[in-house]
Amino acid sequence: MPLTCRGRVRGQEPSRGDVDDALGKFSLTLIDSLDTLVVLNKTKEFEDAVRKVLRDVNLDNDVVVSVFETNIRVLGGLLGGHSLAIMLKEKGEYMQWYNDELLQMAKQLGYKLLPAFNTTSGLPYPRINLKFGIRKPEARTGTETDTCTACAGTLILEFAALSRFTGATIFEEYARKALDFLWEKRQRSSNLVGVTINIHTGDWVRKDSGVGAGIDSYYEYLLKAYVLLGDDSFLERFNTHYDAIMRYISQPPLLLDVHIHKPMLNARTWMDALLAFFPGLQVLKGDIRPAIETHEMLYQVIKKHNFLPEAFTTDFRVHWAQHPLRPEFAESTYFLYKATGDPYYLEVGKTLIENLNKYARVPCGFAAMKDVRTGSHEDRMDSFFLAEMFKYLYLLFADKEDIIFDIEDYIFTTEAHLLPLWLSTTNQSISKKNTTSEYTELDDSNFDWTCPNTQILFPNDPLYAQSIREPLKNVVDKSCPRGIIRVREESFRSGAKPPLRARDFMATNPEHLEILKKMGVSLIHLKDGRVQLVQHAIQAASSIDAEDGLRFMQEMIELSSQQQKEQQLPPRAVQIVSHPFFGRVVLTAGPAQFGLDLSKHKETRGFVASSKPYNGCSELTNPEAVMGKIALIQRGQCMFAEKARNIQNAGAIGGIVIDDNEGSSSDTAPLFQMAGDGKDTDDIKIPMLFLFSKEGSIILDAIREYEEVEVLLSDKAKDRDPEMENEEQPSSENDSQNQSGEQISSSSQEVDLVDQESSEENSLNSHPELLSLADVDNAASISPSEQTSNPTENHETTNLNGECTDLDNQLQEQSETEEDSNPNVSWGKKVQPIDSILADWNEDIEAFEMMEKDEL
């Protein structure tokens, strides 16, 4: 926890949900970073760290942990540490005392994970109790039915290495069985796999498919299992999947999720940050061109936001704003440099390092970004930052003589742990029955591209890579943001016009109305002057037109949802700029619906002082202390606006309200927006921001330690040099500032599927008061209306105004008193897309139904 300068111990900090499943009270960061020390040539520190692991780490804790995270981080960390410990011992200078102690710990942990595989399918349970295993009353786990594809398919490297190191074949057997089952359950017509699968029945729970969160390392481990173990069946499976990925998911330079049964149908219009690993995997595969294209697109997004947002849309807007210092882009940068020798990738690496030092470095480490738009921090530095980010960036710039061993003798796991390639010929007791080609026809040309040895993979011609990158230089900063939807292959062949896009639709355009009719979409004029769109899929001219109609209605929903978000005030930043922080600590702050708007005016900078009384609910008794300063006041006992007026009358230049709910944190609570008092608040001229208790404590602790603490209140953290000398540096603008915070309170709308011979209609109705669409050329204003239902039909409807103007229907802001313990955090609603076109498309449309539930 780099902001509070202490370790995060499970149970001693507020729960963060599934994220905490990686923590097992087993010194996670210490184990995960063991082999990083050797790569960085810190052999003495490595030896000390191994001794600490052996002395202090206990694996027999009554804690429920993620099988996937424990495998890749802890088991992988122990095996990577063991691999380099025996290498150092052979060299004769360090680790002479070592006698496979890390391997014995790894074996102990492996046996603790084995009960998770006690399912009919062989797929492991997602969680296990380190002390009590599965399904015992005291285990508190074992009732789960679903797991992600990556969770079940990212075991073979660590488990096979454990078997090869120890001679205990059971680990490799269990991991192979899980991989075999996933392969059997792939969708046979598309050769794609879904995101989530039932561990008992093998049914796909989420049927969307991509290369990002939930699936990513499954593909990675198929190829790397072939490299490490030499089993051709893994290569054949990977090539079969890879052909499907490039056929359906790859839409250069984008990688968009599709439906496994209808792979020409996109399942979402945004991408997550975890897919940044894929260009690196393509390098290992030998397919350089698409790797360069996707990597360049991601780099342009990074240059726009300083970091890669956790998710971003196809027109490169922020979808999820946080960035937990993920290393996947650095990993791909390293592999592309290895393959091409192009110094451009050294410049990319330099940018990554500069951004980390400039925006993420804090006195006790590197803090994750709570919001890339504001630059605010989260009190979090995950173990993968040291295990992967440090390793890949060091290797990117290291010369051969900088590394004390030959890195080419090892393969990287998904957590960048090093396993020796000589394991392929050690303890081979697993029968390698090739079942792949029994039921799949492989394109032999797929194998022409496969060559794991990067030294002969690619001619070192930087101009080749540059020629591929050049057309993508401005892909992010094009003047008109646009969504990217797959155009049917039939359209390309026939020369037909692309389908009508929601952003272009005008209700007064006769040609547009004719196109809608062809797609089975009709208009209903309501009494209040609005226009309602209804899709009757059965009335479409063809199944392809019906599919276009579905896309059109989905786009209308997303336009509505996006505009709802943009009405909300985005989060603000409180940046500590005095010694010894110098702007390195940035706290996420909630905005106020009154006072100075920091997005339209210059930031406010000043020293902080506590008000008396601390609640700020009456005239201040210490006006001389807050005069010309930013006043700290506690939440409670009166309205926010009243507090603001009292500190303003005392001469304060700004105010920070600190939550009185002890232990509250922006890490676990939705962003808070301070409402007015229902009266005219134009008299409040100073900026007001809200901090949860944990973030507020950081400022209060700094005051106790340093007395004089200076902060900057702004809409976005300002660039800084080591001494914060550049006080007037303007904030960089980006089009994402008007978007809402990433914490969205969602309202799911479900539409039942109706099977009727004569009529099937999909309907969507929403609420008119929730939306005000900004001026967009040729874009219809969407005004969701009240939900209605027909006893015999379900309709999919979107309300529209025919003109391209702002609606007057704004979100009504409600006053909120301080006594209310539930903050007003309504940041907009996500409207769920349609889940049906026709009854026989039942399974195809389930991907849309899952979009509301998507989580990284």
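The residue numbering used here restarts from 1 in each chain and proceeds along that chain's sequence as written. Confidence filtering applies because this is a predicted model: local features only for residues at pLDDT of at least 70, side-chain atom pairs given and counted only at 80 or more, and all residues used for totals across whole chains, interfaces and linings. In computing side-chain properties, one takes all heavy atoms of the structure into account and sets aside hydrogens as well as water.

Draft legend 1. A look at the packing of helix α9 (residues 216-229) against helix α10 (residues 232-249). The interhelical angle for the contact between α9 and α10, taken along N-to-C directions, is 150 degrees, at an axis separation of 8 Å. The two elements α9 and α10 meet at a crossing, and its hand is left-handed. Between α9, through Tyr-218, Tyr-219, Leu-222, Leu-223, Ala-225, Tyr-226 and Leu-229, and α10, the contact on the second element is made entirely by Asp-232, Phe-234, Leu-235, Arg-237, Phe-238, His-241 and Ile-245. Under the convention adopted here, Pro, Cys and the residues Ala, Val, Leu, Ile, Met, Phe, Trp and Tyr are nonpolar, Asp, Glu, Lys and Arg are charged, and Gly plus all remaining residues are polar. Per-class residue counts for the contact of α9 with α10 are 11 nonpolar, one polar and two charged. Axes, fitted as lines to C-alpha atoms, cover a helix only where it is in contact. Angles between the N-to-C directions of the axes lie from 0 to 180 degrees. We count a stretch as a helix when DSSP gives it H or I for four or more residues in a row; a strand needs E for two or more, and each element gets its number in order from the N terminus. Handedness of each helix crossing follows the sense of rotation of the near helix against the far helix: counterclockwise by less than a right angle gives left-handed, clockwise gives right-handed. Contacts between residues were defined by any pair of non-hydrogen atoms, one from each residue, lying within 4.5 Å.

Draft legend 2. Examining the sheet that holds strand β5 (residues 204-206) more closely. Paired strands, in this sense, are two strands between which DSSP finds at least two bridges. Pairing is antiparallel in the open sheet, where three strands are placed in the order β3-β4-β5. Sheet topology places β3 (146-148) and β5 at the edges, where each strand pairs with a single neighbour. Ignoring strand direction, the axes of neighbouring strands in this sheet form an average angle of 35 degrees. Alignment of strand β4 (residues 196-198) against β5, held across two bridges, turns out to be antiparallel. Residue pairing for β5: Thr-196 is matched across the bridge by Arg-206.

Draft legend 3. The arrangement of the pairing of strand β24 (residues 630-634) in detail. A 1.4 Å probe rolled over the protein chains alone gives each residue an accessible area, and that area as a share of the maximum for its type sets the label: buried under 20%, exposed over 50%, partly exposed in between. The buried fraction of β24 is high, at four of five residues. Two elements, strand β23 (residues 604-610) and β24, share three bridges in a ladder whose sense is parallel. Of the residues in β24, the one forming a bridge with Ser-610 is Leu-632. Pairing between β24 and strand β25 (residues 654-658): five bridges, direction parallel. Each residue of the ladder has a partner; that of Leu-632, found in β25, is Ile-656. Note on handedness: a crossover is taken as right-handed if, strands pointing away from the viewer, the path from the first strand over the helix to the second is clockwise. Viewed along the sheet, the connection from β24 through helix α22 (residues 640-649) into β25 turns out right-handed.

Draft legend 4. Layout of the side chain of Asp-379. Of note, Asp-379 is situated in the loop between β16 (376-378) and α15 (383-397). Among the residues examined, Asp-379 registers a relative accessible area of 3% and is labelled buried. In this structure the side chain of Asp-379 is engaged in a polar contact, spanning 2.7 Å, whose partner is the backbone nitrogen of Leu-3. The residues touching Asp-379, leaving out its near neighbours within four places in the chain, are Met-1, Pro-2, Leu-3, Thr-4, Arg-8, Asp-667 and Lys-694. Here a polar contact is taken to be a pair of N or O atoms separated by no more than 3.5 Å, where protein atoms must pair a possible hydrogen donor with a possible acceptor and residues adjacent in sequence count only if both atoms sit in side chains.

Draft legend 5. Here's a closer look at the environment of Ser-611. Within the secondary structure, Ser-611 is located in the loop between β23 and α21 (623-626). For Ser-611, a relative accessible area of 2% corresponds to the buried category. The spatial distance from the C-alpha of Ser-611 to the C-alpha of Asn-622 is 6.8 Å, given a sequence separation of 11 residues. Sequence-distant contacts of Ser-611, defined by excluding residues within four places in its chain, comprise Gly-616, Leu-620, Asn-622, Val-626, Leu-632 and Ile-633. Within polar-contact distance, the side chain of Ser-611 engages the backbone oxygen of Pro-613 at 3.3 Å.

Draft legend 6. A look at the state of the cysteines. In plain terms, two cysteine sulfur atoms within 2.5 Å form what is called a disulfide here. Applying the stated criterion across every chain, the model contains three disulfides. Covalent S-S linkage joins Cys-148 and Cys-151, the inter-sulfur distance amounting to 2.1 Å. Looking down the S-S bond of the Cys-148 and Cys-151 bridge, the torsion is 90 degrees, so its handedness is right-handed. Since its relative accessible area comes to 17%, Cys-148 is described here as buried. The exposure class assigned to Cys-151 is buried, which follows from its relative accessible area of 19%. Put simply, Cys-617 and Cys-638 are joined by a disulfide, and their sulfur atoms are 2.1 Å apart. Because the torsion about its S-S bond is -85 degrees, the bridge between Cys-617 and Cys-638 counts as left-handed. Within this pair, whereas Cys-617 is found in the loop between β23 and α21, its partner Cys-638 is found in the loop between β24 and α22, the two being separated by 21 residues in sequence. Each of the two residues, Cys-617 as well as Cys-638, counts as buried. Each disulfide of the protein joins two cysteines, and with those cysteines numbered along the sequence the arrangement is 1-4, 2-3, 5-6.

Draft legend 7. Quick look at the packing of helix α12 (residues 288-305) against helix α14 (residues 344-360). At a minimum axis distance of 12 Å, the contact between α12 and α14 shows a crossing angle of 30 degrees. Between α12 and α14, the interaxial angle falls into the category roughly parallel. When the axes of α12 and α14 are compared, the crossing they make is left-handed. Residues Ile-292, His-295, Glu-296, Tyr-299 and Ile-302 of α12 touch α14, and the partners they reach there are Tyr-344, Tyr-345, Glu-347, Val-348, Thr-351, Leu-352 and Asn-355. Of the residues in the contact of α12 with α14, the class split is seven nonpolar, three polar and two charged. Each angle gets one of four labels, with under 35 degrees taken as roughly parallel, over 145 as roughly antiparallel, 65 to 115 as roughly perpendicular, and the rest as oblique.

Draft legend 8. Representation of the side chain of Arg-164 in the model. Within the fold, Arg-164 resides in helix α7 (residues 156-166). Within the structure, Arg-164 has its side chain in polar contact with the side chain of Glu-172 (distance 2.9 Å). What Arg-164 contacts, discounting residues up to four positions off in sequence, is Glu-172, Arg-176, Leu-229, Leu-423, Ser-424, Thr-426, Asn-427 and Gln-428.

Draft legend 9. Quick peek at the pairing of strand β27 (residues 710-714). Extensive coverage of β27 is indicated by the burial of five of its five residues. The side-chain alternation of β27 yields two buried faces, one formed by Glu-710, Leu-712 and Ser-714 and the other by Val-711 and Leu-713. The sheet contact formed by strand β21 (residues 572-576) and β27 spans four bridges and is antiparallel. What sits directly across from Val-574, in β27, is Leu-713. Inspection of the sheet shows β23 paired to β27 by four bridges, in the antiparallel sense. Looking at the pairing, Thr-604 lines up with Leu-713 of β27.

Draft legend 10. Expanded view of helix α13 (residues 328-340). Under the convention used throughout, the expected extent of a helix is 1.5 Å for every residue step, that is, one less than its residue count. Helix length check: α13, at 13 residues, gives a terminal C-alpha distance of 18 Å against a target of 18 Å (1.5 Å per residue), a fit within 8%. Among the 13 residues in α13, 11 count as buried, and that is most of the element. Taken as a whole, α13 has its buried residues at Glu-328, Phe-329, Ala-330, Glu-331, Ser-332, Thr-333, Tyr-334, Phe-335, Leu-336, Ala-339 and Thr-340. A positive backbone phi angle near 65 degrees is found at Gly-341, which sits one or two residues after α13.

Draft legend 11. How the structure looks around the sheet that holds strand β12 (residues 318-320). With antiparallel pairing, the three strands of this open sheet are ordered in space as β10-β11-β12. Looking at strand neighbours, the two that pair on one side only are β10 (270-272) and β12, the edges of this open sheet. Within the sheet, the average angular offset between the axes of one strand and its neighbour, ignoring direction, is 30 degrees. Here β10 pairs with strand β11 (residues 311-313) via three bridges, running antiparallel. By the bridge assignment for β11, Met-271 is matched with Phe-312.

Draft legend 12. Quick look at unusual backbone geometry. Of note, the bond from Pro-252 into Pro-253 is cis; its omega dihedral lies within 30 degrees of zero at 5 degrees. Within the secondary structure layout, Pro-253 lies in the loop between β7 (250-251) and β8 (254-255). Cis peptide bonds are those with omega within 30 degrees of zero, and the linkage from Lys-612 to Pro-613 qualifies with 0 degrees. In this structure, Arg-140 is a non-glycine residue whose phi angle is positive, near 60 degrees. The residue Arg-140 is located in the loop between β2 (127-129) and β3 in this model.

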